[in-house]
Amino acid sequence: GAFAGGSVEDVPTTKVSPQYLDGNPKLPAAMVEFGLANSSSAARRLIEQGGVTVNDLKIDSVDFQLTPVSVVDGQFLIRVGKKKVHRVVVG
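The structure reproduced in this document is the subject of the present report. Everything quoted here is computed from the prediction, not taken from an experiment.

Quick word on the overall build of the chain
Working step 1: Within the chain one finds two helices and five strands.
Working step 2: Walking the chain from its N terminus toward its C terminus, one meets helices and strands in the order β-α-α-β-β-β-β.
Working step 3: In terms of C-alpha radius of gyration, the chain reaches 12 Å, essentially the compact-globule figure of 12 Å for 91 residues.
Working step 4: Reported as C-alpha extents along the three principal axes, the dimensions of the chain are approximately 30 × 30 × 20 Å.
Working step 5: Here the chain holds 91 residues, and the buried ones make up 36% of them.
Working step 6: The long-range fraction of contacts in the chain, counting pairs at least 24 apart against all pairs at least 6 apart in sequence, stands at 53%.
Working step 7: Summed over all atoms, the accessible surface of the chain reaches about 5,300 Å², with 50% contributed by carbon and sulfur.

This is the structure in structure tokens:
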């Protein structure tokens, strides 16, 4: 779906292999890796403030892990606040 600031096609995208999810990476680390936070502590703070969603599911645990369940239609969207969003394509 579209969201404020353009269509989903316009968002920065990173492609990862399915093996990326084998380790069940924690969301704060993923946010740093994909440029959505400057540090793990900043990422945790953003999550605690309630500003982070994965595929429009609000994440309230800093221990949230990305797993194959997080993947919808071969990708997942990590959104921080209103402005920052990153699409991760698995495959």
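A closer look at the nonpolar core
Soluble globular proteins tend to bury their nonpolar side chains together.
Working step 1: One finds Tyr20, Leu27, Met31, Leu66, Phe76 and Ile78 to be the most contacted residues of the largest nonpolar core, which totals 20 residues.
Working step 2: Where this core is concerned, the elements lending two or more residues are α1 (27-33), α2 (40-48), β2 (52-54), β4 (75-80) and β5 (84-90).
Working step 3: Setting aside its immediate chain neighbours within four residues, Met31 contacts Leu36, Ala37, Ala43, Leu46, Ile47, Val52, Ile78 and Val80.

Observations concerning the sheet that holds β2
Working step 1: Strand order in the open sheet formed by five strands is β1-β5-β4-β2-β3, and the pairing between neighbours is mixed. Two strands lie at the open edges of the sheet, namely β1 (13-16) and β3 (57-58), each paired on one side alone.
Working step 2: Strand direction decides the pairing type here: β1 and β5, joined by four bridges, are parallel. Among the inter-strand pairings, Lys15 is bridged to a residue of β5, identified as Val89.

Structural notes on the environment of Val16
Working step 1: As for its position among the elements, Val16 is in strand β1.
Working step 2: Taking C-alpha positions, Val16 is 17 Å from Pro28, a pair spaced twelve residues apart along the chain.
Working step 3: Once residues lying within four places of it in the same chain are set aside, the contact partners of Val16 are Phe34, Val88, Val89, Val90 and Gly91.

Some remarks on unusual backbone geometry
Working step 1: Non-glycine residue Asn55 carries a positive phi angle of around 50°.
Working step 2: With a phi angle near 70°, Asp56 is a residue other than glycine that sits in the positive phi range.
Working step 3: Given the relative accessible area of 62%, Asp56 is considered exposed.

Let's talk about the pattern of salt bridges
Working step 1: In total, this model carries two salt bridges according to the counting rule given.
Working step 2: With a closest N to O distance of 3.4 Å, Lys26 and Asp63 form a salt bridge. Residue Lys26 is located in the loop between β1 and α1, and its partner Asp63 is located in the loop between β3 and β4; the two are separated by 37 residues in the primary sequence.
Working step 3: The exposure class of Lys26 is partly exposed, given its relative accessible area of 40%.

Comments concerning α2
Working step 1: Taken as a whole, α2 has its buried residues at Ala42, Ala43 and Ile47. Mapping the buried residues of α2 onto a view down its axis gives an arc of 140°, with all of them on the same face.
Working step 2: On its buried face, α2 is in contact with α1 and β2.
Working step 3: In the segment just after α2, Gly50 is the residue with positive phi, at about 85°.

Thresholds, definitions, all that
Residues numbered from 1 in each chain as written. Predicted model: local features only at pLDDT ≥ 70, side-chain atom pairs only at ≥ 80, totals over all residues. Heavy atoms only, no water. Helix = DSSP H or I, 4+ residues; strand = E, 2+ residues; numbered from the N terminus. Rg over C-alpha atoms; globule rule 2.2 N^0.38 Å. Buried < 20%, exposed > 50% of the residue type's maximum accessible area, 1.4 Å probe, protein only. Contact = heavy atoms within 4.5 Å. Areas by Shrake-Rupley, 256 points an atom, 1.4 Å probe, with all protein chains shown as cover. Core = buried A, V, L, I, M, F, W, Y, C linked by side-chain atoms within 4.5 Å. Pairing = 2+ DSSP bridges. Salt bridge = Lys/Arg side-chain N within 4 Å of Asp/Glu carboxyl O. Arc of directions from axis to C-beta.

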